[in-house]
Amino acid sequence: MFNKVTSLAVFFCCAGAVLSAGEIKNIAYYTKGVPVQGNEQALRKRCTLDLSTPESKKFPTLVWFHGGGLSRGGKHYPTNIDRSKIAVAAVNYRLSGQGGACPDYIYDAAAAVAWVVKNIAKYGCQFIGNPYVWGGSNPSTSFDCSGFVSYVINTVIQKENPL
């Protein structure tokens, strides 16, 4: 049986004014207008995220989905991320066998990312409006997708604790 625990990370950036640095816990990410499917009781209990933001007005954002093979685990911040340089949204989702079933957790992940995309500008970040540049890997010349992820990993994730 395959028991490897994996986590999924999604990087993105946007711009906005900083409300404050710090941490907000247990934000419900299924908001009005977001379609609900499956066990609503499990959704209301599990579908929350914690958001940690740095002092800076400009920062990349990481959406972090805990591992556990969709059947165990809970939201937590990854230990190898320097949260003084990057915002982190640690996401909980419905678990298989505990009120969740396929494809509920896929909808949960989509709803969590949609909430962060819609709301992170309230907390500040950077790079919005930078054009896509094929092969780009530097904020002064812009990025392509892999260049942006590489930049985030190399500049904000602590090198002594690689992913």
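In this convention, every chain numbers its residues from 1, walking through the sequence in written order. It should be noted that, the model being predicted, local features are given only for residues of pLDDT at least 70 and side-chain atom pairs only at 80 or more, the latter also being counted only at that level, while totals for whole chains, interfaces and linings use all residues. Side-chain measures were taken over the full set of non-hydrogen atoms in the model, leaving aside hydrogen atoms and water.

This brings us to unusual backbone geometry. Of note, the bond from Cys102 into Pro103 is cis; its omega dihedral lies within 30 degrees of zero at 10°. A run of DSSP states H or I qualifies as a helix once it reaches four residues; a run of E qualifies as a strand once it reaches two. Both are numbered from the N-terminal end. By the element assignment, Pro103 lies in the loop between strand 5 (87-91) and helix 2 (104-119). Here Leu70, not a glycine, exhibits a phi torsion of approximately 65°, which is positive. Within the element layout of this structure, Leu70 appears in the loop between strand 4 (61-65) and strand 5. Buried residues are those whose accessible area, probed at 1.4 Å on protein chains only, stays under 20% of the maximum for their type, while exposed residues exceed 50% and partly exposed ones sit between those limits. When its relative accessible area of 36% is taken as the criterion, Leu70 is described as partly exposed.

Take helix 2 next. In this model helix 2 runs 22 Å from its N-terminal to its C-terminal C-alpha over 16 residues, within 8% of the 22 Å that 1.5 Å per residue would give. Those residues of helix 2 lying buried are Asp104, Tyr105, Asp108, Ala111, Ala112, Trp115, Val116 and Asn119. Take helix 2 and look down its axis: the buried residues cluster within an arc of 130°, on one side only. Of the residues in helix 2, the exposed ones pointing more than 90 degrees away from the buried face are Ile106 and Lys118. A helix's residues, less one, multiplied by 1.5 Å, set its expected span. Here the arc refers to the directions that run from the helix axis out to each C-beta atom.

Once that is clear, we can look at the pairing of strand 4. Taken across its five residues, strand 4 has five buried, putting it largely inside the fold. Alternating residues of strand 4 divide into Thr61, Val63 and Phe65 and Leu62 and Trp64, and every residue in both groups is buried. Any two strands between which DSSP finds at least two bridges are classified as paired. Relative to strand 5, strand 4 runs parallel, the two sharing five bridges. Looking across to strand 5, one finds that Val63 is bridged to Ala89.

Salt bridges are defined as contacts in which a side-chain nitrogen from Lys or Arg sits within 4 Å of a carboxyl oxygen from Asp or Glu. In this structure the tally under the stated criterion is seven salt bridges. A salt bridge links Arg94 to Asp104; its shortest N-O distance comes to 3.8 Å. Here the residue Arg94 occupies a position in the loop between strand 5 and helix 2, and Asp104 occupies one in helix 2, the gap between them amounting to 10 residues. Residue classification places Arg94 among the buried residues on the basis of a relative accessible area of 0%. By relative accessible area, Asp104 is classed as buried at 5%. Residues participating in the shared-partner salt-bridge network are Glu23, Lys25, Asp50 and Lys75.

With that settled, consider the packing of aromatic side chains. When two rings of Phe, Tyr or Trp (its six-membered ring) have centres within 6.5 Å they constitute a pair, described as stacked for plane angles under 30 degrees, edge-to-face for angles over 60, and tilted for the intermediate range. By the definition in use, this model includes one aromatic pair. For the cation-ring pair, Arg83 lies above Tyr77, with the distance from its terminal atom to the ring centre recorded as 4.0 Å. To sit over a ring, a charge needs its Lys NZ or Arg CZ within 6 Å of the ring centre and within 35 degrees of the ring normal.

For the rest of this paragraph, the subject is the nonpolar core. As used here, the term nonpolar core means buried Ala, Val, Leu, Ile, Met, Phe, Trp, Tyr and Cys residues forming a set that is joined through side-chain atoms within 4.5 Å. The biggest cluster of nonpolar side chains holds 21 residues, and the ones touching the most others in it are Tyr29, Leu49, Leu51, Val91, Trp115 and Val116. Mapped by element, the contributors of at least two residues to this core are strand 3 (48-53), strand 4, strand 5 and helix 2. Among the elements that line this core, the one with the most residues is helix 2, at five residues. Once you skip the residues sitting within four places of it in the chain, Tyr29 turns out to touch Cys47, Thr48, Leu49, Val91, Asn92, Tyr93, Asp108, Ala111, Ala112 and Trp115. In this structure, Trp64, Ile81, Ile86 and Ala90 belong to the second largest nonpolar core, which totals seven residues. The contact definition used throughout considers only heavy atoms, calling two residues in contact when any of these lie within 4.5 Å.

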